[in-house]
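What the coordinates show
Single-letter residue listing:
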Amino acid sequence: IIIPDNSISNKHLLFFYFDNIIQVMDLNSMNGTIINNEKILPFNFIKLKDKDEIKIGTLSLRYYSEEEESTKNLDNYKVVIFQNHVRKHNYQSYQ
């Protein structure tokens, strides 16, 4: 995913999906990656849990393991990650 934001590195974060589990890895980005207000170490896979908040630069993402939950309280998020896909949410730069 290309995100037009100077606070996000060109190669910032890796999403890895295998066997119904989504993990993320910070690729030693300049500003780092924060999950649930805790900065993660580069090059370590972190398993995402339902409703985890991921911050990269100025962008906040929310992970949901079930799409039914996605209709609740999304106004502060520009991108929502579901177990099987990513949906844009109120982010005009993507349109």
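Check the entry above for the structure.
The structure reproduced in this document is the subject of the present report. For clarity, every value in this text was computed on a predicted model and none was experimentally measured.

It is worth spelling out the overall build of the protein chain at this point. The number of helices and strands found in the protein chain is zero helices and nine strands. Along the protein chain, helices and strands appear, N-terminal first, in the series β-β-β-β-β-β-β-β-β. Of all 95 residues assigned to the protein chain, the portion counted as buried reaches 39%. Intrachain contacts of the protein chain at a sequence separation of at least 6 include 25% that bridge at least 24 residues.

Note: strand β3 (residues 33-35) against strand β6 (residues 53-56), three bridges, orientation antiparallel. Bridge pairing in β6 links Ile35 to Ile54. Relative to strand β7 (residues 59-64), β6 runs antiparallel, the two being bridged by four bridges. Each bridged residue has a counterpart across the sheet, and for Lys55 the counterpart in β7 is Ser60. Between β6 and β7, which pair antiparallel and follow one another directly, the connecting turn spans two residues, one of which, Gly57, has a positive phi of 60°.

With that settled, consider the sheet that holds strand β2 (residues 21-26). Within the open sheet, the three strands sit side by side as β1-β2-β5. Their pairing is antiparallel. If you trace the sheet from one side to the other, it starts and ends with β1 (13-18) and β5 (46-47), each paired once.

Our focus in this paragraph is the side chain of Asp26. With respect to the element layout, Asp26 can be found in strand β2. No salt bridge is formed by the buried Asp26; the nearest opposite charge belongs to Lys39, separated by 7.5 Å. Discounting residues that sit within four places of it in the chain, Asp26 has contacts with His12, Leu13, Gly32, Thr33, Ile40, Leu41, Pro42 and Phe43.

Side-chain pairing between opposite charges can occur once the charged atoms of the two side chains come close. Scanning the model with the defined rule gives two salt bridges in all. Its salt-bridge partner being Asp52, residue Lys49 comes within 4.0 Å of it at the nearest N-O pair.

Reading guide: rules and limits
Residues numbered from 1 in each chain as written. Predicted model: local features only at pLDDT ≥ 70, side-chain atom pairs only at ≥ 80, totals over all residues. Heavy atoms only, no water. Helix = DSSP H or I, 4+ residues; strand = E, 2+ residues; numbered from the N terminus. Buried < 20%, exposed > 50% of the residue type's maximum accessible area, 1.4 Å probe, protein only. Contact = heavy atoms within 4.5 Å. Pairing = 2+ DSSP bridges. Lys, Arg positive; Asp, Glu negative; His and termini not counted. Salt bridge = Lys/Arg side-chain N within 4 Å of Asp/Glu carboxyl O.

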